[in-house]
Each structure stands twice: as structure tokens, then as C-alpha cells.
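# Descriptive analysis of the structure
One-letter residues, chain by chain:
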Amino acid sequence: MSILPFTPPIVKRLLGWKKGEQNGQEEKWCEKAVKSLVKKLKRTGQLDELEKAITTQNTNTKCLTIPRSLDGRLQVSQRKGLPHVIYCRLWRWPDLQSHHELRAADHCEFAFHTKKDEVCVNPYHYQRVETPILPPVLVPRHTDIPAEFPPLDDYSPSVPENTSFPAGIEPQNNYIPETPPPGYLSEDGETNDLQLNHSMDTSSPSLSPNPVSPANSNLDLQPVTYCESAFWCSISYYELNQRVGETFHASQPSLTVDGFTDPSNSERFCLGLLSNVNRNSAVELTRRHIGCNLKIFNNQEFAALLAQSVNQGFEAVYQLTRMCTIRMSFVKGWGAEYRRQTVTSTPCWIELHLNGPLQWLDKVLTQMGSPSIHCSSVS
């Protein structure tokens, strides 16, 4: 029985080769994804090659290409994803998490990372990278966590009350420190652009595949693994206390934020395109002189800190969310050592959410259960 009103025979045959079991809604989405691909490849005469690649599972088949979208993603029925990941997950690895787990075959001319106008979605032109990026952290079940841990510094969430958002957009619930965290850099100076480097050195000897274990080995420990998000970083741009434009989702290993106007470059977040009717002269001037040059995050150091924090309890792990949300101002500094005390007093600034580490923290906190510090209406 067909899931959709009409399913062409070629779609039925291709669906017969998909991997994994899906529920009704997921099954319906898979059929739409295949129909979308069939429609695109039929226009370019690649349909026979698609069926050959799927049925023979042959890596020596030709590239199967579709046009690359502006942000590199493919939308199927209100859901977006990277096209090669979608079809590799459908026909080869149903547990595939992100494009970081894929490596293109050497002979693939239109592999996703080549950034050509056409993207190869032949699932047999990609290989799975099996080695984990970071070692899993061993976390005790919440029933085994000791009642008391070493005391921690007090903190409280502080999303500035005077921050405004475009209509229909709600602020995210991640904890964000109001003053710059350790390692923050903000300078009253002018440089050409802001270069954000997010790199993982998988050849480092410190990256052992062995799980990082808490000190108390008598607990019932469960490994919690790191899975890189398809978009390692999400960036929102603000002018004073007003958010401007949509969130930019970074999929490339490095990212440049500048004041120019390229709308289609996945390696650049161009602020020059963004308009704001409330923009004043100070903001206009600041937009001409964007940023500083720095490395913002180190996944290896974060993994080590996470393993240490598990030994100290739920609150210690939760405090690591400070490292995963970063606020950075352009040209004008802010904080205790500056005239502007809060980031919302600076003309132009960005807020970065490191998606992979935040998701890892979420999984660890879920495994750990409730915090040991009880909260009530009178606490």
C-alpha cells in the first residue's frame, strides 16, 4: 500500500533498498526524500545511474549530482539537512549523525566539501569515518551519584533583561554569563575581519578512543559519546539590545564574520546584508570596522574539563554551558574593565552557540539526573 497518493515504480524500487526501520511519519518523509531526488535526477538523465548505484552498491558508479543550495542544505517536507548526509543515512547508515562522519571517495568529483555548484549525493561515493572524534565520558547513573560534592562558586542565569528580539523569535534558554568568561577577548581597536577557527586534531596523542572515567570506579558508569552537529556553530547578530537578521548556521570547519554582502558563502557570515530601521550613526560607524582574530574553542580541552566536572556533580557539569555560548563585540569592549558594562551597550556584537558541546552536555546531564541542590518556591 502506497504511503503517498501516487508512488512511481522507480521510487518503490529504490525504497526497497533503504536501511533501517522507521515509523509512519519517518517512512513518509523517506518516500518524499526519494521522490525529490528522483525528480531532480530525471531532469538531468541520471536516474538509471542512481538505480545502478543503489542496487549494485558499487563505488565505481558515476557522481549523482544535484544543485547546491545557498546554505548547502536540502529541504524535504519542512525538514532541512545536508543532501549527501540525507541519502547516505537513507541507503547506507541509518544511525549517521552528521557530515563529520563522512569522507568522500578520492574519485568523487563533486563531493560536498569541494563546494562546487553541484553536489554528489551518490551514497557509495562516501565512506564512514568510524573512529570517534573524542573519547566518551563515563557518567554514573543518577541513582548512584553521591549526595554531596565539593562546593561550587555561586552563579545565576543572566540573559540581559533589556535584550529585544524580532517578532516571533524567543531567546534561547542556555546560560550566558553577563561578564566575559575566562579567555574572552574584546579590544578597542580596528582589524580587518573576525576569523573563527573551529578545529579538531584527531591525530593528537591525547585523543584516545578509551572512555574518560570518573575517579570513583565503584559506580555504575555509562559512556556518553560526543556527536558533532551538522552545524557546529549558530551565530546571531545584535545591534545594541536588538537582534538583527536570522541565525547563521556554520557547517564549514572555519568561519569568517565580516561586513560585506555575499549571501551564498557557507564560510562567511556577511553582516553588510542585514538592515535595521533603528540603526544609528554609532552602529553604522562600527559596522565598517569588524573585529579581532582568535581561536574560540578547543574540543580536546572541553572533553577533559567535562570528565573532571562529572566527578563534582550536576552543577559543575551545568556550569560548562558558559563555555558553549560566547558573546563577542566588534570594536568596542565591554565588561568590568570598560565604560560599557554589558554587551547590550556595545554597537555591534554576536552570540555564538557551540552546538556539538551543548548537545554533549545535555546528554551527560540527562544521564546524571536531577541536581543535588533542591529548588522550591521559597529557595
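First, a word on scope: everything that follows refers to the structure included in this document. Worth saying up front: this structure is predicted, and the values here are computed from it rather than measured.

This next bit is on the packing of aromatic side chains. In total, this model carries five aromatic pairs according to the counting rule given. Pairing Tyr226 with Trp360 gives two aromatic rings, centres 5.1 Å apart and planes at 70 degrees, and the pair type is edge-to-face. Of the two residues, Tyr226 sits in the loop between strand E9 (221–224) and strand E10 (233–239) while Trp360 sits in helix H9 (residues 355–368), which places them 134 residues apart along the sequence. When its relative accessible area of 6% is taken as the criterion, Tyr226 is described as buried. With 4.0 Å between their ring centres and 5 degrees between their planes, Tyr238 and Trp349 make a pair best called stacked. With Tyr238 in strand E10 and Trp349 in strand E16 (residues 348–354), this residue pair connects regions lying 111 residues apart in the sequence. Judged by relative accessible area, Trp349 falls into the buried class, the value being 0%. The structure contains a cluster of three or more aromatic residues connected by ring pairs, namely Tyr226, Phe302 and Trp360. Positioned over the ring face of Phe112 is Arg68, at 4.7 Å from the centre of the ring. Above the ring of Phe110, the side-chain terminus of Lys116 is found at 5.1 Å from the ring centroid.

Before going further, it helps to spend a moment on the pattern of salt bridges. In this structure the tally under the stated criterion is nine salt bridges. Here Arg79 and Glu26 are joined by a salt bridge, their closest N and O atoms 3.2 Å apart. A residue pair is termed long-range when its members are at least 10 positions apart, and Arg79 in strand E3 (residues 79–81) and Glu26 in helix H2 (residues 24–43) qualify at 53 residues. Glu26 sits in the partly exposed class, given a relative accessible area of 25%. The partner of Arg327 in a salt bridge is Glu351, and the shortest N-O contact between them spans 3.1 Å. One end of the pair, Arg327, is in strand E15 (residues 325–329); the other, Glu351, is in strand E16, and 24 residues separate them in sequence. The burial state of Arg327 is the same as that of Glu351; both residues are buried.

Rules and cut-offs
- Residues numbered from 1 in each chain as written.
- Predicted model: local features only at pLDDT ≥ 70, side-chain atom pairs only at ≥ 80, totals over all residues.
- Heavy atoms only, no water.
- Phe/Tyr/Trp six-rings, centres within 6.5 Å; stacked < 30°, edge-to-face > 60°.
- Helix = DSSP H or I, 4+ residues; strand = E, 2+ residues; numbered from the N terminus.
- Buried < 20%, exposed > 50% of the residue type's maximum accessible area, 1.4 Å probe, protein only.
- Lys NZ or Arg CZ within 6 Å of the ring centre and 35° of its normal.
- Salt bridge = Lys/Arg side-chain N within 4 Å of Asp/Glu carboxyl O.

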